[in-house]
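Architecture at a glance
One-letter residues, chain by chain:
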Amino acid sequence: MRLTRLLLILSAVILSGCSQLNKASDYITNPTAKEVYKRDFNLSDSLFTKWKNQVEIALNDSIQVELPYAEKGKFLPRIFPVYSYEIELNPGELFNLEIETDSLKELVFIDVFKRTEDSLNPFTKVESAEFGAKHFAFEAEKEGKYKVVIQPAIEGNSPFLLKMIKSPVYLFPVASYSNSAVQSFWGAQRDGGARSHEGIDIFAERGTPVVAATSGRITYTGEKGLGGKQVWLRDSRRGQSLYYAHLDSINPVSGRVKVGDTLGFVGNTGNARTTPPHLHFGIYKNFQGAINPLNFVFMPEPLNLDEVEDNIPHKILTKAVTANLRNKPTTSGSKIIGSSKAQDTLQILGKSRDWYHIRTRENKASFIHQSLVKPI
């Protein structure tokens, strides 16, 4: 008995030591989440390569979704499922992905790629989630199309709920107001077309607090030029300055401020004195000049989970004579990327509202409407 207990203690010490050595080594070598997975689970080269290479299949998929997006399904072991979703992101938008599974120990791997102009290498990886993470956030620095690739572990076996949303990186700069208060947008003509609007105008009652959209440093407060009473807030993290103009009055602020701090109050000073009270909100990026600030503060619609159902089958049969396969879970604005014939067997990846996310026998991902299929 004593010998058994001693061996157990020694084994625990050795395992603990290996774990600490791995952590120390990882700090130096910075392995990817998938490399850690291979090492810690002692996967063979052939099995790991087969699983990892599924990403190439995902990068060739044509699936596109609009955010917010939710999908329910089940990860099945040893069939090497891979999920990909092409989305559009703009500077100022924070992409958030969350995967809920039955087990906290269920491993999921998340990579984000950006579409390029190179036909030989159409996607380049820009970000990956940490090992074991099922929540992932990514801030887009450049406008473009991005592809999110999700891989469950080889032995993954769990129902899942996938949620993808985007949100602005800044707080709306006028207290108690939101999207509908924006009534003049970037690029609108000014002075009979002599110049264009380099910002957005947010109309609100005079005296409404104007707040710091992010934490930063006040670089100027005062009254001058077309902007009248104004405040400049520096966002050093993103290398840009936030411009608040036409204020009725300025709150006595200086130095560092926190997100939500009151900087001033809505007015119509400067060249806005003949217009209703509003805040002119602008952003000036290092070496770029003014950029469109709308996506930095615009709140997208919330995610609706009421339409995401349970009890999704693993496989379905096409019951229509011919069924269209689409690149989006909608008939409006989607493209037909293939077809399925009656009695074709389709592997289900998940379901979003009335649409099944499937793979065909040719391993092509697409969406098919639920009215065109029946469960096996």
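Keep in mind that this is a model prediction, so the values were computed, not measured. (Residues numbered from 1 in each chain as written. Predicted model: local features only at pLDDT ≥ 70, side-chain atom pairs only at ≥ 80, totals over all residues. Heavy atoms only, no water.)

1. Some details on the packing of helix α2 (residues 33-40) against helix α3 (residues 45-52)
In contact at an axis separation of 11 Å, α2 and α3 are set at 150° when each is read in the N-to-C sense. Overall, the two elements α2 and α3 adopt an arrangement that is roughly antiparallel. α3 is crossed by α2, and the crossing has right-handed handedness. Contacts between α2 and α3 involve K34, Y37 and K38 from the first element and D45, F48 and W51 from the second. Classifying every residue of the contact of α2 with α3 by side-chain character gives 3 nonpolar, no polar and 3 charged. (Axes fitted to C-alpha atoms, helices over the stretch in contact; angles between N-to-C directions. Helix = DSSP H or I, 4+ residues; strand = E, 2+ residues; numbered from the N terminus. Parallel < 35°, antiparallel > 145°, perpendicular 65-115°, else oblique. Left-handed = near helix turned anticlockwise from the far one by under 90°. Contact = heavy atoms within 4.5 Å. Nonpolar A, V, L, I, M, F, W, Y, C, P; charged D, E, K, R; others polar.)

2. Remarks on a negative patch on the surface
On the surface, a cluster of negative charge is contributed by E66, E88, E143 and E301. Tracing the chain through its elements places E301 in the loop between α5 (294-297) and β21 (315-318). (Patch = residues over 30% accessible without salt bridge, like charges linked within 9 Å, V, L, I, M, F, W, Y side chains within 5 Å. Areas by Shrake-Rupley, 256 points an atom, 1.4 Å probe, with all protein chains shown as cover. Salt bridge = Lys/Arg side-chain N within 4 Å of Asp/Glu carboxyl O. Lys, Arg positive; Asp, Glu negative; His and termini not counted. Charge placed at Lys NZ, Arg CZ, Asp CG, Glu CD.)

3. So, the UniProt feature "domain: M23ase beta-sheet core" (unreviewed entry) in the protein chain
The positions UniProt marks with the feature "domain: M23ase beta-sheet core" (unreviewed entry) are residues 196-287. Each end of residues 196-287 is marked by a C-alpha atom, and these two atoms are 19 Å apart; helix forms 0% of the span and strand 55%. (UniProt positions renumbered as here; feature names shortened; annotations may be inferred.)

4. Digging into the pattern of salt bridges
All told, the structure shown has 14 salt bridges when counted by the stated rule. We note a salt bridge from D61 to R359, for which the minimum N-O separation is 2.6 Å. Placement of D61 in the loop between α4 (54-59) and β1 (69-75) and of R359 in strand β25 (residues 355-359) is noted, with a sequence separation of 298 residues between them. Looking at R359, the relative accessible area reads 6%, which means it is buried. (Buried < 20%, exposed > 50% of the residue type's maximum accessible area, 1.4 Å probe, protein only.)

5. A closer look at the confidence of the model for the protein chain
In the predicted model, the protein chain carries a mean pLDDT of 90, and the fraction of residues at 70 or more is 90%. Taken as a whole, residues 6-10 scores under 50 in pLDDT and shows 0 contacts with residues more than four places along the chain or in a different chain. (pLDDT = per-residue confidence, 0-100.)

6. Structural notes on α3
Of the positions making up α3, those classed as buried are L47, F48 and W51. Looking straight down α3, one finds its buried side chains confined to an arc of 95°; they lie on one side. Relative to its buried face, α3 has exposed residues pointing more than 90 degrees away, namely D45 and S46. Of the surrounding elements, those touching the buried residues of α3 are α2, α4, β4 (108-115) and β7 (144-152). (Arc of directions from axis to C-beta.)

7. Thoughts on the sheet that holds β4
The strand order across the open sheet built from 4 strands is β2-β7-β4-β5, with neighbouring strands paired in antiparallel fashion. In this open sheet, the two strands that pair with only one neighbour each are β2 (83-89) and β5 (123-128). When strand polarity is set aside, the average angle formed by the axes of neighbouring strands in this sheet is 30°. In this structure, β4 lies alongside β7, joined through 7 bridges in antiparallel fashion. From the neighbouring strand, F113 faces β7, where its bridge partner is K147. (Pairing = 2+ DSSP bridges.)

8. Here's the deal with the environment of F172
Looking at the element boundaries, F172 is found in the loop between β8 (158-168) and β9 (182-184). Residue classification places F172 among the buried positions, given a relative accessible area of 11%. Sequence separation of F172 and T214 is 42 residues, and the distance between their C-alpha atoms is 9.5 Å. If we ignore the near neighbours within four places in the chain, the residues touching F172 are Y177, S178, N179, V182, I202, V211 and V297.

9. Details of the side chain of R359
Side chain to side chain, R359 and D61 meet in a polar contact 2.6 Å long. Here R359 is in contact with I57, D61, V82, L346, Q347, L349, K364 and A365, once residues within four sequence places are set aside. (Polar contact = N/O pair within 3.5 Å; in protein donor to acceptor, adjacent residues only side chain to side chain.)

10. Notes on the environment of V210
Note on placement: V210 falls in strand β13 (residues 209-211). Given the relative accessible area of 0%, V210 is considered buried. Aside from chain neighbours lying at most four places away, what touches V210 is P173, Y244, L247, D261, T262, L263, G264, F265, V266 and L279.

11. With respect to the nonpolar core
Within the largest apolar cluster, 30 residues are counted, with the highest numbers of intra-cluster contacts made by Y85, F95, L97, I99, I150, L162 and M164. Mapped by element, the contributors of at least two residues to this core are β1, β2, β3 (93-101), β4, β6 (135-139), β7, β8 and β26 (365-369). With 4 residues, β2 is the largest single contributor of residues to this core. Leave out the neighbours within four places in its chain, and I99 touches F75, V108, I110, K134, I150, F160, L161 and L162. (Core = buried A, V, L, I, M, F, W, Y, C linked by side-chain atoms within 4.5 Å.)

12. What to know about unusual backbone geometry
It is generally the case that most residues other than glycine have a negative phi and that most peptide bonds are trans. Here the residue pair L67 and P68 is connected by a cis peptide bond, since its omega of 5° sits within 30 degrees of zero. Its location among the elements puts P68 in the loop between α4 and β1. Positive phi is not limited to glycine here, since F80 has a value of about 55°. Following the sequence through the fold, F80 ends up in the loop between β1 and β2. Residue Q343 is not a glycine yet carries a positive backbone phi of 75°. Within the secondary structure, Q343 sits in the loop between β23 (336-341) and β24 (345-352). Residue classification places Q343 among the partly exposed positions, given a relative accessible area of 46%.

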